[in-house]
Structure formats: structure tokens, C-alpha cells
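Listed below are the residues making up each chain.
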Amino acid sequence: MKNYDLKRRQFLRLLMSLPVGLVIGCDLRPYESLVYARTLTPEESLRKLILLLGPWSATDREKAEDFVRRFLRAKHNIDPYLPVSSELVQSLASRFPDGTLAIKEIVLQSLPTKEKELLMNMVKHLYSLIDVRSEVSEWPPWGECLTDETWHTRAPVLGKI
Amino acid sequence: MYGDAMTGEIKADYCIAGAGIAGIVLASKLAASGKKLVILEQGPRFAEEERDNMLFDSKQTLNDLADYNDNVEPGVVTPHTSASHGDQVAEWVAQRLFGLGGTALHWMGFSLRPLEDDLKFKTLYGFGRDWPIPYAELEPWLLRAEHEIGVAGNEDNPYASKRSGPFPMPAHAFSYFDREMFKPALKRLGIVGHSCPLAVNSKLYRGRSACMACRACKFCPSGARYSPDRAHVPILEKIPNVMVLENISLRRLETGAKGNRIAAAHAMRVKDRTSLVVRAKHFILALGGVETPRMLMLSADKDIHKDGLGNSGGQLGRRFSDHTNPFVTCDVGRHVGGRLGFETMISEHFRAQKDRREQPSFVIFGSPAIDWIPIADDAAMWAIRDDTLSLEALRGIIPQIATLWVMTELEGEGTLKLDNSKLDAFGSPVAKITMKLTDWDRRAHAKLVKLAPRIGEAMGAENVSEVTPPEFGLGFHPSGATAMAKSPDEGVCDTNLKVFGLDNLHLVSNSVFPQMGPNPPTLTIVALALRLGAHLEGGVAP
């Protein structure tokens, strides 16, 4: 088993290093993982969805994992999804390749209505959270005092602050 | 000196119920007299360490709405009060807080003044109520209040009424958004954007830090935002004649045999439900816009106050009012820059309008997207093209989102009564609030529906959301149900905030406002607390 795990990890790393573009705009039929023979649990599926919908690229994996850990530990975050919509979460997650971060776009018409609703609710939820907003707006971490209290007066350079 | 708080009876000169901003500021003024003073607060005391933990936990659990009363035992907090308008119900959930500091534990620090016209509303517009005191009498107390809590502001507001002195410190610098997008857009529409007065230090003030831009204002790690428990309570507790008691719930006031004085305040210890009686020369209710009228109702006796204290004219609970805060989000098409935890620019243009007889006045606030608004609700829809959700586009839109919101006045046709079907943890009925939106009230919403796209367009916005909420919402500034007036036929307390018919009971909260303009009420509450303190100690003018 140990040897198998090592090979799996190596393969996952290789998969993660593939350009995100390879998984964008895809026809979202249920994805049969070549790596995992088993179905992901609802929690694993939710984790997978957060990672692929969120804004973190492969170089931010550690930050992304930290976010997922905090998201999953709080009842108020997971209540809309688990256990009430466990099957939907699993089904939606199964349409995407494993290990993907920051997917670029999703063709909605290929999704069943319920999964589309779940997806949109999750996107709205994630991108309304201060943590995610700060990440995409390139704001300093929320709640930490700054040495520059005129930070808010600065012009964003090339669209970034 | 006080009797024994452990055995159940306390004697004092002043008994103040409520340790929010009104009660604490008033106590600070009365404490200098050397007289015995006891302050009762139903909620707990929040130590600095607890504040740190709340901030830490909110980050650790991604709970952007975390607040002070989240983990307070249910018996401490009066059950949530809701207000209804027809079949629409709005809840006060965490908006009013119980604890040393009250709702000012988490307020944003907006410290706008009333306008002169707000105080003579009925005279000018033919409906609503006038204040029984003129602006000229209130103004020096507003100035003193600005110094008491530390308000940062500039005298750049062309719509403001006359001031008799400068702000104690300069306003916060305008944000990039204010300077480059909001102000020019307002200017194109003939509106002046100006600084927003805030009780958030722009420099070191009375030993408290300047704002350090952490943006978590609710918990304010730097201490720059005024909070009563940080600024005034530590000083009060060093004074030997002052006793501040938390976790004590006032249950009712007892009238004396002749019915013209309060003889005692009956309270209960929250932790063990044992009773405590306070006998004092003066009683002051400083319980906020809902609990102050509720306490006067709960204290009804079987004699001349059978309809509640101060209710000989039938005015108790009448003309309850609030603000509404509808908002929109806009995608302005370019990065809006950074946001402190508060707006640095606002406009009071629509307060000074001349058609107030036709529609309510309001204040407009604009800034990069506010934390508590679910901005992705609309942004995600704007990122859909040809049935494809572009998350890449959404990640580009989020930094471009600005929020515009207004604080609008209401005519004040609500009522507050006791709800005998719903009891608090001590068995007393909670408040039942029924709002009644008038056609006049609705016109402010209609105005924003037209105005928001125009401001958005002037900023170059590609998308502007619908106005939220669609019609009925609350601003969480309950007011008006124990109005100050010249006679009992018009209100509950007189111009010195003494309850009609009771010689030793005073009120201080936004419930005494006869009419509330569209400015947040806090600065006016502090001004009235300072004025009451001077009155009780001999009528010293500011």
C-alpha cells in the first residue's frame, strides 16, 4: 500500500502541474477519475469544489488548503451544503478532474438545474467572503493592523493595489 | 456605603440602568459630583482578550458576521425583537448588543449631526413632530459630544447646520475611490461629496491610538474607534463613588405610594436569578430605543400608572421610527482601491433638499465594497456570458465593486407594545414593534432606484444592481417611542428628559427623539446624555 500511495502522490503532483487551461470550458459529463477508483465522500467533494471554484492558483496551494480547512470547520459555512445536499455536492464534484485549482470557466448548460443552482450559490458564497475578496483584490489580510494608515488612498497600479 | 450588593439591596444617589454609550457618558459626567452612583447592565463585560479571540475566531471560521453576543448565554439577551410591516418581518438579530458598552461595542463610529430643520420638522413640513428644544440649544452639546468621544471630521460639508467650534481632530484622508471615482461622479450630478465625521481617531486622541487600517472595526484591535467600555468605563471604575455592575437585569421600576416618584429598581442577577433592589434619589433609564419604552410599560402599576410610566397622554410606544438602509453594488470597471472599515466620503446633499415635504431626506454613502454586503450575489451573475460562468471574469469584477447605500428617514408611524405571547428568560413580555411605511417613506426608495444608476453611470459603471432590500428594511436605529415634548399629550418626557408625572425618573436614549432625521443617532444621544448630566447637577450650560 505504501508504494502505491507514493506513486499516487507523484501522479497527483504531475496532474496538478498541468495547465489549468486543460480543464476549462470542458463538457462536464461525470468525470471518471483514473487515479481514484472510489467515490469521494461528501466532505471531500465539497473540499474539491472550493478549491476549483476559488481564486487560488497552484502556487497558492498552501493558502488554498488553509482556507478550505477553515471553511470546513465551521457549521455556518457547510450547513447549506452538507448534509442537506450531499448527493448534489458529490455529483457536481464528480464532473471535474481531481486536483484542479482556480478553474477559469464552467459551461452551465451542461449541468442539471439543481447542480447549477448549487454551483451558483457556492460561487456567490465564496466570493462574498472577506478572505476571498481580499485575495482577489490583493488587499492585506483583514484584521491585521497596518503600518501605513493611508493605504486606502493609494492608486492601484496595473489594476492591482 | 452602598448597602450590600451581595445581600440584595443597594442605596445610591443615582441609579442608571443601561451601560451603553448614553448611560456610560452620563455616568462619567455625574461621577465628578462625588455622589453615589450605580450602573446596572444586563449583559456581560468583554475583556480585551475576548475581543482578540472573537476576531481570531471570526477569521478561523470565516465568519464575517461574528459579533459580541454570539456566545452570550441566551438568558442574558432579551429574545430577538422583530419589527413587522404587513406580512414583512425584519429581525434585530445582533444589531443591538447587551454588555458594558452596549451597541456602541460594535458601532461603526458614524457621528453625523442633525440639521437645524430636523428639529422643527412639523413646523416646516406640516407633519411629524417638532423637538421641544431648538437647534441652537442642542448645538453646543453636539460639539461637546464630538470632543467627548473623539470625532474626526473636516468643516467641508456645505449642507451642515452652523457649528460653534471645530472638530477635535481632522477627518480621515479620502480613499482612492473617493478621490478618483465617487467625488467626480457626484460633482457631475451637482452633488458635493465631503468628509464623513467618524468617532474613529485620525490621530492619537486622549491616549487612544490613531486608526491603523486593520478594517475589522467591529473589534477595532487598535482601539481607535470609540467604545464606552474602553474609553470611559476604566476611568469610571477608578472613582470610589461609582459602582458598575454587569449581568444585572432590571426587571421593573416601583413607584412610591403617592405615585410621583420611583421608590426602587427591582433587578435580577443573570447568573443565579437572585434579586437585587436599588433605592436611589434619581433613576435614569438608558436602555436604548426598544428597551427604554419596554421598561416603562413593564413598570405599569395598578394605580395612576396603570398604562405604563409617563403614559398619561397615551404617547408611550407611539410614533416608533427607524432608518432604512437600502443599497446597490456597482461594477465600476476598474480596481476601486482599498477600503478602511468605514466610508471616508459621504454626501448630505439630499438632506438639504427643499422638497422634504414631498419625500424623505437621506444621506448617501459610497465606498469600495462593504464587508457585510454579499457582493458576489450580483457579481456572479454579471460574470455569466452565453450560459458560461467565467470565474476568471468574476475574479476581475470583485476588485471593481463599489457599494452605494443611503440612510433614509421615516415618517415614524410605527408602534411599540408588549408582546404577551413571547416572554424573555425572566418571564416578561418582549417588545412587539409594528412598522407602517407611508407613501412618503416609500418615495426615498423610489428616489434611490432612479439615482443609483445615474451615480453608477457617472462613475463609468458597467453594471449596477437592483436596490436591496426591495421595500421594507430596518436601519437598526430604533427611536421615538418615549419622545421628549412640552406636554404629556405630545410625548413621554419633558425638555430635560424627566418623565412626565415622575419627579425622579429621567430617560436618555434615541427613544426620546421626537423626530429622527437621516443621520445616525449616536452623536445626538451623547449630546443629550451630557446635557442631562449638567441638568441633574445644577443646570450648567456648556
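Quantities reported herein were computed from a predicted structural model and do not represent experimental measurements. (Residues numbered from 1 in each chain as written. Chains lettered and ligands numbered in written order. Predicted model: local features only at pLDDT ≥ 70, side-chain atom pairs only at ≥ 80, totals over all residues. Heavy atoms only, no water.)

Moving on, we get to the pattern of salt bridges. All chains considered together, the criterion is met by 37 salt bridges over all chains. A salt bridge links R61(A) to E65(A); the shortest N-O distance between them is 3.2 Å. Placement of both R61(A) and E65(A) in helix α3 (residues 61-73) is noted, with a separation of four residues, approximately one turn of the helix. Judged by its relative accessible area of 26%, E65(A) falls in the partly exposed class. For the salt bridge of R113(B) with E146(B), the shortest nitrogen-to-oxygen distance reads 2.8 Å. Linking R113(B) in the loop between β5 (88-92) and α3 (121-125) with E146(B) in helix α4 (residues 135-149), this pair joins segments that are 33 residues apart in sequence. Overall, the relative accessible area of 8% leaves R113(B) in the buried class. In this structure, a network of salt bridges that share partners links the residues R96(B), R251(B), E291(B), R294(B) and D424(B). (Salt bridge = Lys/Arg side-chain N within 4 Å of Asp/Glu carboxyl O. Helix = DSSP H or I, 4+ residues; strand = E, 2+ residues; numbered from the N terminus. Buried < 20%, exposed > 50% of the residue type's maximum accessible area, 1.4 Å probe, protein only.)

A few words on the confidence of the model for chain A. Residues and elements named next belong to chain A. On average, residues of chain A score 83 in pLDDT, and 75% of them are at 70 or above. Put simply, helix α1 (residues 2-17) is where chain A has its lowest mean pLDDT, 46, and helix α6 (residues 113-128) is where it has its highest, 98. In the predicted structure, residues 1-6 sits below a pLDDT of 50 and forms one contact with residues beyond four places in sequence or in another chain. Confidence over residues 11-37 falls short of pLDDT 50; this stretch has 38 contacts with residues more than four positions distant or in other chains. (pLDDT = per-residue confidence, 0-100. Contact = heavy atoms within 4.5 Å.)

Residues and elements named next belong to chain B. One can find A66 in the loop between α2 (48-60) and β4 (81-85). On the accessibility criterion, A66 (9% relative accessible area) is buried. Between the C-alpha atom of A66 and that of L55, which follows or precedes it by 11 residues, the distance is 8.0 Å. Beyond its immediate stretch of four places on either side in the chain, A66 contacts S58, K218 and F219.

What follows concerns the interface of chain A and chain B. The extent of an interface is frequently quoted as the accessible surface area lost upon association of the parts. Each partner contributes to the interface: chain A provides 52 residues, whereas chain B provides 49 residues. Both faces combined, the contact of chain A with chain B buries some 4,300 Å², and carbon together with sulfur accounts for 61% of it. Inspection of the chain A/chain B interface yields one salt bridge. In this structure, E392(B) engages K104(A) in a salt bridge whose closest nitrogen and oxygen atoms are separated by 4.0 Å. Inspection of the region where chain A meets chain B yields 31 residue pairs in polar contact (both at pLDDT 80 or more). Those elements giving two or more residues to the side of chain A that touches chain B turn out to be α2 (42-53), α3, α4 (75-78), β1 (105-107), α6 and α7 (130-137) of chain A. (Buried area = accessible area lost by both parts, 1.4 Å probe. Polar contact = N/O pair within 3.5 Å; in protein donor to acceptor, adjacent residues only side chain to side chain.)

Moving on to the sheet that holds strand β14 (residues 384-385) of chain B. Overall, antiparallel pairing links the three strands, which are arranged β1(A)-β15(B)-β14(B) in an open sheet. Looking at the sheet topology across the chains shown, the edges are occupied by β1 of chain A together with β14 of chain B. As paired elements, β1(A) and strand β15 (residues 388-390) of chain B share three bridges and run antiparallel to each other. When the bridges of β15(B) are listed, E105(A) appears paired with S390(B). (Pairing = 2+ DSSP bridges.)

What follows concerns the nonpolar core. General note: in soluble globular proteins, nonpolar side chains tend to be found buried as a group. Counting 96 residues, the largest nonpolar core has L505(B) and V508(B) as the members making the most contacts within it. Within the second largest apolar cluster, 71 residues are counted, among which are Y81(A), I106(A), A383(B) and L391(B). (Core = buried A, V, L, I, M, F, W, Y, C linked by side-chain atoms within 4.5 Å.)

This brings us to α2(B). For α2(B), built from 13 residues, the straight-helix expectation of 18 Å at 1.5 Å per residue is met to within 8% by its first-to-last C-alpha distance of 18 Å. Taken as a whole, α2(B) has its buried residues at R51(B), M54(B), L55(B), S58(B) and Q60(B). Where α2(B) is buried, its residues contact α3 of chain A together with α6 (228-231) of chain B. Positive phi appears at L62(B), one or two residues downstream of α2(B), with a value of about 50 degrees. (Expected span 1.5 Å × (residues − 1).)

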